[in-house]
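# Tertiary structure, described
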Amino acid sequence: MPTDRVQKILAHAGFGSRRSCEEFITAGRVTVNGKVISLGAKADPLKDTIKLDGQEISVQTELIYIAINKPRGILSSTKTERGRKSIVDLVPIDERIYPVGRLDIESEGLMILTNDGDLANKITHPRYKHEKEYRVLVHTHPDEKQLETWRRGVILEDGYKTKPVQIRVEKLHGKGAWLRIIMNEGRKRQIRETAQQIGLYPVKLIRIRMGTIQLGGLKSGEYRTLSSKEIASLRK
């Protein structure tokens, strides 16, 4: 690997997305050859000594890409809390991997685990416009006014207005209904907060697609390695 920006080197080494690695640098946690660096600094990982919090990093030679069906009740982070399992605990490998496209603890469905920080950034950054598709069970039958409001965008409690989405009723389910939602953004608990804002209450939320990657037949807690074709499609 030739000389490159340090945040990119850190991301490639599996320390998170490029954006989070930039935060490490601005916080003064990264040194090159013993000197604290600033954002924009470059290094050669084969010649320079790069450390994060005093720990020397090594560039990953094998990149890992895993699709997993996150079960409800599992944290979509690398850390555990209050005895709850993390999504990475479900995959028995020694390499450091990170979750991409987080889901709240009550939600389930497709996530990607990887040590490729560049790809993680491409999947999550809004400018790449990777679609995310969900099946959402709400507690009542929505009317057309509610659906049209959701399609146009809703102002949440913090003042943020959500971007337009594609939404349709997939099928009625007793007193409730399954909705199919396709969106490009993914703020924390956005679907739940949007639904509640217009008088709908999610009972179940499942992500079934990220970009071109489908959940398919993966059962809860199951995972599989992405194909080279799938990885290439995410890089586009």
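Here, every reference points to the structure presented above.
Here the structure is a predicted model, which means the values were calculated and not measured.

### Describing the pattern of salt bridges
Counted under the stated rule, the structure contains 17 salt bridges. Residue Lys8 is joined to Asp4 by a salt bridge in which the shortest nitrogen-to-oxygen separation is 3.6 Å. Taking the relative accessible area as the measure of exposure, Lys8 reaches 29% and is therefore partly exposed. A salt bridge links Asp53 to Arg29; the nearest nitrogen and oxygen atoms lie 2.6 Å apart. Highlighted residues: Asp53 in the loop between β5 (50–52) and β6 (55–56) and Arg29 in the loop between α2 (18–26) and β2 (30–32), separated in sequence by 24 residues. Several salt bridges converge on common partners, so that one network encompasses Glu131, Glu133, Arg135, Glu170, Arg180 and Arg209.

### Comments concerning the nonpolar core
Counting residues in each nonpolar core, the largest one holds 28 residues, and the members touching the most others are Leu113, Trp150, Ile181 and Ile191. Elements that contribute at least two residues to this core include exactly β7 (65–70), β9 (108–114), β10 (132–138), α4 (144–152), β12 (176–183) and α5 (190–197). With four residues, the single largest contributor to this core is β12. If sequence neighbours within four positions are ignored, Leu113 has contacts with Ile64, Tyr65, Ile66, Ile68, Ile87, Val88, Val91, Ile97, Tyr98 and Pro99. Counting 19 residues, the second-largest nonpolar core is a separate cluster that includes Leu110, Ile208, Met210 and Leu218.

### A few points about the packing of aromatic side chains
For the structure on display, the rule yields zero aromatic pairs. Positioned over the ring face of Trp178 is Arg135, at 4.1 Å from the centre of the ring. Positioned above the aromatic ring of Tyr160 is the side chain of Arg187, whose terminal nitrogen or guanidinium carbon lies 3.8 Å from the ring centre.

### Let's talk about the packing of helix α3 (residues 117–124) against helix α6 (residues 228–235)
Running from N to C, α3 and α6 cross one another at 60 degrees; their axes reach a closest spacing of 9 Å. Comparing their axes, α6 and α3 come out oblique. Facing Leu119, Lys122 and Ile123 of α3, the residues of α6 in contact are Ile231, Leu234 and Arg235. Within the contact of α3 with α6, the residues separate by chemical class into four nonpolar, no polar and two charged.

### Thoughts on the pairing of β7
β7 sits mainly inside the fold: six of its six residues count as buried. Burial along β7 is two-sided: Tyr65, Ala67 and Asn69 and Ile66, Ile68 and Lys70, pointing in opposite directions, are all buried.

### Thoughts on unusual backbone geometry
Phi angles above zero are rare outside glycine, and Asn33 is one such case at about 55 degrees. With respect to the helices, strands and loops of the structure, Asn33 is situated in the loop between β2 and β3 (35–36). Positioned with a positive phi, Asp53 is a non-glycine residue whose angle comes to about 55 degrees.

### Remarks on the side chain of Ser233
One can find Ser233 in helix α6. Filtering out sequence-adjacent residues up to four positions away, Ser233 remains in contact with His130, Thr212 and Ile213.

### Overview of the environment of Ala195
Position of Ala195 relative to the elements: it lies in helix α5. According to the relative accessible area criterion, Ala195 is buried, its value standing at 0%. Put simply, Ala195 and Asp94 are 101 residues apart on the chain and 39 Å apart in space, counted from C-alpha to C-alpha. If near-sequence neighbours (up to four positions away) are discounted, Ala195 is found in contact with Trp150, Leu200 and Pro202.

Rules behind the numbers
Residues numbered from 1 in each chain as written. Predicted model: local features only at pLDDT ≥ 70, side-chain atom pairs only at ≥ 80, totals over all residues. Heavy atoms only, no water. Salt bridge = Lys/Arg side-chain N within 4 Å of Asp/Glu carboxyl O. Buried < 20%, exposed > 50% of the residue type's maximum accessible area, 1.4 Å probe, protein only. Helix = DSSP H or I, 4+ residues; strand = E, 2+ residues; numbered from the N terminus. Core = buried A, V, L, I, M, F, W, Y, C linked by side-chain atoms within 4.5 Å. Contact = heavy atoms within 4.5 Å. Phe/Tyr/Trp six-rings, centres within 6.5 Å; stacked < 30°, edge-to-face > 60°. Lys NZ or Arg CZ within 6 Å of the ring centre and 35° of its normal. Axes fitted to C-alpha atoms, helices over the stretch in contact; angles between N-to-C directions. Parallel < 35°, antiparallel > 145°, perpendicular 65-115°, else oblique. Nonpolar A, V, L, I, M, F, W, Y, C, P; charged D, E, K, R; others polar.

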